[in-house]
Amino acid sequence: MTAGWTPIALSRDVPAGITRAVIVEGRELVIWRGDGPAHVWEDRCPHRGMRLSLGFVRDNSLNCLYHGWQYGASSSCVRIPAHPDLTVAPTIKANAYESAEAGGLVWVRLGGTEPLPAPSEPVTPVLSFAMEVDSLDRDSLMLPFQRAELHLHWHRVGPARIMVHAVMSGGADIAGAAAFLRALRDDMEQEVAA
Amino acid sequence: MARSRVPTLPKLYDYVLSDACYKVRLLLSLLGVPYTSVAVDFFPGREPEGEAFRRINPEGDLPVLEDDGVVLRDAQAILVHLARKHDANWLPPGNRWLDFAGADMAALSQARLVSLLGLPGDLATLRKAGRRALRDLEDHIGDRQIAGFDWVETDRATIADIGLFPHVALSHDAGIGLEDYPALNLWQRRVRKLPRFVGMPGIPDYF
Amino acid sequence: MTLTPDQAALDQWYVLGALRDFPSGKTRSTRLLGGDIAVTRRDDGIEVVGEGRALPVRTNYDHLWTTFGTPARDLFSLPEAAEPDRRWIHCGGVHVRASGLRLIENFLDLAHFPYVHTDILGSEEKPEVAKYEVEQRRDVDELWATKCEFFQPKAAAASDEGQISQYMYRVVSPFNVMLYKTPPTAPNRWDVIALFVHPLDEIESVAHPFMLVIDDTSSDAEIIQFQQMIFLQDKIVLENQRPLLLPLQPGRETPTRADLSSVLYRRWLKEKALTFGTEPRTDLA
C-alpha cells in the first residue's frame, strides 16, 4: 500500500450507475460512479446517518435510500424531496475523500500528502476477492504467471479479513490467473487456520 | 351457444417475508403472468404447520402454487413449472445452480429466520455456511464475468438466477453484507434491472 | 452485556412480548436493557424475574410489561382498547440490530414514505412533507405530533386507491409509540397502530407492532402481512444507520423542518437525561 493512498476496488467492478460498499480498517466507505470518475465518500448520509451504499445513482448523482436526499458529484446536497422548493444550504454535504483511478484500481487517500505514483504500464483487471487473513507482509506483491506478471494490491477490512485487488501486465489467460489466485487464497487461509 | 371457459389464474399461497415465496412472485412478474395470492400467516401465527394448511401441503411449508389443477410445492420446482409453461428461455441448460439455490443457500435462509424472527437455530454455524455459499457463488459469477457472461448458467437470465437472487439480496437480514463479494454486487444489480422486476421488503425495487 | 446503570431508562415500562408468546407452565428467558430476564407463566399468574429479583408485572392490552425501576407513572392508557368493534392484531416480534430509539424515531418519520414504502405509504411524485405540529403534553408526559398529512397510494391492507391520510402520533414513553390514522373504510374513526419496542440491549431490539383497527374486509393474515411488509421495509434502513445508537449531540445529523418530531423527541429524551441507546456525547462536561 502506498502511504496515504489505499487501493479499494478494481475500476472494472464499479461501472456507471453502481454503488459499492467497502470497509477499510473498520471505516465504511461507498464508491459510486455516475458519468465520470469513481467517487469515494464516507458511507453515511449527513441527514440521518443512512449508509449511502444502499442508495441509488441517478442523473450523475447519488440518492439516499432513506429520504431521497440527492448528492451531486461535488458531494453537495442538491435536493431534499420533503421540501421541493427549498434551496439547499451549501453546508449540507456528504463527506468526500480524495480519490483517484490508476492502474486499473480505485484509490482513496486516507492520510498523507504525497501524490499517487503513476502506473508504469497498462494493466488488465483480473480479480478482486476477500481473504480471511489478518494482513500480508508486503504492501503489494508481484507474482509471475505464465508470461505475465500479476500485481496484487490489497486493503485491510478489519481483524482477519483483507480484500485483494489483482491486475495483470503482459498477456496471459485471465481465467487461469483467477483460478491461480483463488488457489493461493485457499492455501493462505488454510495456513492461518492450521 | 358455445360458452368460453374462463381461465383460472394460478393461485400462490404466499408469505410476504419469505425468500422462497419471493422467488415465485419475482418470476411471475418477470413472465408477466397474472395470479392470485392467499396470505398465509407464517409468523407469528405458524399457519403452515396447522392442520388446515397441511391439507394443502403436507410438508407444512411455503410456497405452494395451484396451477392447471396441479398443486406444486418447493420454490425451485415451481420455477421450473412456470418457465416450462410460459417461456422456455428461462430454463437453464443445467441444474447445478438451481440446485445450489435450493440446497446450499438454505443455510442463509435459516440464518435469516433466526436473526429476523428469533426462531431457534445456531446463528454462528448458519452464517458460516451462508458465507461459504456466497463465496462459491461469487467465485462462479466472477469466472462468468471474465468469460464475458452476465448470468450464472448461460448468456441470459434463467430461473437459476431467480432462485439464487433472493438469498444474495437478503443476506443483510442475516447480518452479511456484500462488501466481500464484488461480482455478486454487480450481478444482483443486473437482476434488479430486468424488465418487470419487483422487490420485496429488504430489497428496494428502484435502481 | 450487563444491565444498564441508566436510571432514566430503568424507570420505564417495557414490553416483553404478547401474552400468548408465554405459554403456561413454561419459563422463557430473554434480556431487557442488557439484563437477564426469566418469565414464568403459571395457571394463577405470570412471574418476571430480572437479575435475580421479582419485577413488577402488567398485562394490559394483551401484552406483558415490566420494569427494573420505579416508573413515575403507571403504564400508559389506551382508551381505544375499550372500544368493542376494534380488532386486536398482533403482528409478531421482529428483531432489529439497532437502538430502540432509532426504531421509534423512524416510526415518527413521514419523509421516508416515498422512498422506503414506495407506492404504498408514499409516492416519489408527491414527496413533500406539509407542516405539522408537535407538542409535549406535560400533564401526561407524552409527545404528540398532530395535523400530519400525506398522500398515500395504498394506506392500509383494505385500500383500493390512493388517499390523503391524516396521521397523529403519540409517544407515550421513550420506547412506546402509537400512530392514529384514518382507516380507508371508516373515515370518521382512527385506526391505532402501536409500536412497542423491547430493547434487549443498546443496539438490539425486538419490535412488536400491534394494531387496534376498524377493518371488516381484510383477513388477519392480510393485515399482518401488510404491517410486516411495512416494518421490514424500515428494517433495512434501521440496521444501516450510522451510528446504530441515536445521536443526541447537536451537529451530528442534519434535521430539516420535516424532522420536527425527531427534533422534539430527542429534546424530550435529553430532558429525561436518558442515555441508554444513545450515542455517547463529547460536547458535555
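Details of the structure are given in the entry above.
Residues numbered from 1 in each chain as written. Chains lettered and ligands numbered in written order. Predicted model: local features only at pLDDT ≥ 70, side-chain atom pairs only at ≥ 80, totals over all residues.

**Q** Which parts of the structure should I look at to understand the overall build of chain A?
**A** Counting secondary structure elements, chain A contains one helix and 14 strands. The contacts in chain A between residues at least 6 apart in sequence include a share of 50% that link residues at least 24 apart. (Helix = DSSP H or I, 4+ residues; strand = E, 2+ residues; numbered from the N terminus. Contact = placed C-beta atoms within 7 Å.)

**Q** Would you mind showing me how to read the overall build of chain C here?
**A** The helix and strand inventory of chain C stands at five helices and 15 strands. Over its C-alpha atoms chain C spans a radius of gyration of 19 Å, differing by no more than 12% from the 19 Å that the globule rule assigns to 285 residues. Dimensions along the principal axes, computed over C-alpha positions, put chain C at roughly 55 × 50 × 35 Å. A burial count over chain C gives 48% of its 285 residues as buried. Contacts in chain C between residues far apart in sequence, at least 24 positions, make up 63% of those at least 6 positions apart. (Rg over C-alpha atoms; globule rule 2.2 N^0.38 Å. Buried ≥ 20, exposed ≤ 12 C-beta atoms within 10 Å, placed from the backbone.)

**Q** Would you explain the packing of helix H5 (residues 106-117) of chain B against helix H6 (residues 123-146) of chain B in this entry?
**A** Each pair of packed helices can be summarised by the angle the axes make with each other and by the distance between the axes. Residues and elements named next belong to chain B. Put simply, H5 and H6 touch, their axes get as near as 8 Å, and they point 140 degrees apart. Relative to H6, the element H5 lies oblique. In this structure, the crossing between H5 and H6 has a hand that is left-handed. On H6, the residues touching Ala107, Leu108, Gln110, Ala111, Val114 and Ser115 of H5 are Leu123, Leu126, Arg127, Ala129, Gly130 and Ala133. Looking at the contact of H5 with H6 residue by residue, the class counts come to eight nonpolar, three polar and one charged. (Axes fitted to C-alpha atoms, helices over the stretch in contact; angles between N-to-C directions. Parallel < 35°, antiparallel > 145°, perpendicular 65-115°, else oblique. Left-handed = near helix turned anticlockwise from the far one by under 90°. Nonpolar A, V, L, I, M, F, W, Y, C, P; charged D, E, K, R; others polar.)

**Q** What is the right way to look at the nonpolar core in this model?
**A** Proteins that are soluble and globular tend to have nonpolar side chains buried together. A:Ile31, B:Leu164 and C:Ile104 are the most contacted members of the largest nonpolar core, which totals 191 residues. If you tally residues by element for this core, the top one is helix H4 (residues 220-238) of chain C, at ten residues. Excluding residues within four positions of it along the chain, B:Leu164 makes contact with B:Trp97, B:Phe100, B:Ala101, B:Met105, B:Leu137 and B:Val152. (Core = buried A, V, L, I, M, F, W, Y, C linked by C-beta atoms within 7 Å.)

**Q** So what exactly am I meant to see when it comes to H6(B) here?
**A** Residues three or four positions apart in an α-helix share a direction because the helix packs 3.6 residues into each turn. With 24 residues, H6(B) ought to run about 34 Å at 1.5 Å a step, and its terminal C-alpha atoms sit 34 Å apart, in line with that. Here H6(B) has its buried residues at B:Leu126, B:Arg127, B:Gly130, B:Arg131, B:Ala133, B:Leu134, B:Leu137, B:Glu138, B:Ile141 and B:Gly142. Elements in contact with the buried residues of H6(B): strand S11 (124-131) and helix H1 (174-193) of chain A together with H5, helix H7 (159-169) and helix H8 (182-192) of chain B. Immediately beyond the C-terminal end of H6(B), within one or two residues, lies B:Gly148, with a positive phi of roughly 90 degrees. (Expected span 1.5 Å × (residues − 1).)

**Q** What is the right way to look at the sheet that holds strand S7 (residues 63-66) of chain C in this model?
**A** In a beta sheet, neighbouring strands pair by backbone hydrogen bonds and run either parallel or antiparallel. Residue and element names in this part refer to chain C. Pairing within the open sheet is antiparallel, and its three strands lie in the order S1-S7-S6. Edge positions in the open sheet fall to strand S1 (14-18) and strand S6 (57-58), since each of these has one partner strand only. In terms of strand pairing, S1 meets S7 through four bridges, oriented antiparallel. Opposite Gly17, over in S7, you have Leu64 as the bridge partner. (Pairing = 2+ DSSP bridges.)

**Q** I keep staring at the environment of A:Val133 and nothing clicks. Help me out?
**A** Residues and elements named next belong to chain A. With respect to the element layout, Val133 can be found in the loop between S11 and strand S12 (140-145). Looking at Val133, the number of C-beta atoms within 10 Å reads 18, which means it is partly exposed. Counting along the chain gives 26 residues from Val133 to Pro159, while the straight-line C-alpha distance between them is 8.0 Å. Not counting residues within four places of it along the chain, the set of residues in contact with Val133 comprises Ala160, Ile162, Met188, Glu189 and Val192.

**Q** Honestly, the interface of chain A and chain C in this entry has me stumped. Any pointers?
**A** If you look at the interface, chain A gives 19 residues, while chain C gives 19 residues. Among the residues forming the side of chain A that touches chain C, the class breakdown is ten nonpolar, five polar and four charged.

**Q** Please explain unusual backbone geometry as it appears in this structure.
**A** Only a minority of non-glycine residues have a phi that is not negative, and only a minority of peptide bonds are not trans. Following B:Phe43, the chain continues into B:Pro44 via a peptide bond in cis, with omega recorded as 5 degrees. Note on placement: B:Pro44 falls in the loop between strand S2 (36-39) and helix H2 (51-54). Following C:Arg242, the chain continues into C:Pro243 via a peptide bond in cis, with omega recorded as -5 degrees. Among the secondary structure elements, C:Pro243 is positioned in the loop between H4 and helix H5 (260-271). Although it is not a glycine, A:Ala160 adopts a positive phi angle of roughly 60 degrees. On the secondary structure map, A:Ala160 appears in the loop between strand S13 (148-158) and strand S14 (161-169). The backbone of C:Lys147 sits at a positive phi, close to 55 degrees, despite the residue not being glycine. Following the sequence through the fold, C:Lys147 ends up in strand S11 (residues 142-152).

**Q** Just checking my understanding: could you explain the packing of helix H3 (residues 75-86) of chain B against H7(B) for this structure?
**A** Residue and element names in this part refer to chain B. Between H3 and H7, the least distance of the axes is 10 Å, while the angle of their chain directions is 145 degrees. Judged by the twist between their axes, the crossing of H3 over H7 is right-handed. Two secondary-structure elements touch here, H3 through Ala75, Gln76, Leu79, Val80 and Ala83 and H7 through Ile159, Ile162 and Gly163. The class makeup of the residues in the contact of H3 with H7 is six nonpolar, two polar and no charged.

**Q** Sorry, what's going on with the interface of chain B and chain A here?
**A** The figure often quoted for interface size is the accessible area lost as the parts come together. Between chain B and chain A, the residue contacts involve 16 residues of the former and 16 residues of the latter. Tallied by class, the residues present in the side of chain B that touches chain A amount to eight nonpolar, three polar and five charged.

**Q** Just to check I follow, could you spell out the sheet that holds strand S9 (residues 99-102) of chain A for this structure?
**A** Residues and elements named next belong to chain A. The antiparallel open sheet is built from three strands, whose spatial order is S1-S10-S9. One side of each edge strand has no neighbouring strand; the edge strands of this open sheet are strand S1 (5-10) and S9. Strand-to-strand twist across the sheet, computed as the mean angle between neighbouring axes with direction ignored, equals 30 degrees. The pairing of S1 with strand S10 (residues 105-109) spans five bridges and is antiparallel. Bridge assignment links Trp5 to a residue of S10, and that residue is Arg109.

**Q** Looking at this structure, I do not really get the pairing of S2(B). What am I missing?
**A** Working note: regular strand, side chains alternate between the two faces of the sheet. All names here are of chain B. Side chains Ser37 and Ala39 project from S2 onto a buried face, and the interleaved Thr36 and Val38 project onto a face without burial. When strand S1 (residues 11-14) meets S2, the two strands line up parallel, connected through four bridges. Paired with Asp14 across the bridge in S2 is Ala39. Chirality of the crossover, the property in question, places the unit of S1, helix H1 (residues 19-31) and S2 among those that are right-handed. (Right-handed = clockwise from strand over helix to strand, strands pointing away.)

**Q** Teacher, can you tell me more about H7(B) here?
**A** Residues and elements named next belong to chain B. Buried residues dominate H7, accounting for eleven of its eleven residues. Along H7, the residues classified as buried are Ile159, Ala160, Asp161, Ile162, Gly163, Leu164, Phe165, Pro166, His167, Val168 and Ala169. Residues of H7 that are buried in the fold lie against H1, H3, helix H4 (96-102), H5, H6 and H8.

**Q** Could you clarify how one ought to interpret the environment of C:Phe107 in this entry?
**A** Residues and elements named next belong to chain C. Checked against the element boundaries, Phe107 lands in helix H2 (residues 100-107). With 22 C-beta atoms packed within 10 Å, Phe107 lands in the buried category. As for Phe107 and Ile164, which are separated by 57 residues in sequence, their C-alpha atoms are 18 Å apart. Setting aside anything within four residues of it in sequence, one finds Phe107 in contact with Val177 and Leu195.

**Q** What should I look at first to understand the pairing of strand S10 (residues 133-137) of chain C in this one?
**A** Residue and element names in this part refer to chain C. Pairing between S10 and S11: five bridges, direction antiparallel. Across the sheet, Gln136 pairs through a bridge with Leu143, a residue of S11. The turn joining S10 and S11, which pair antiparallel and follow one another in sequence, is formed by four residues; a positive phi near 55 degrees is taken by Asp141.

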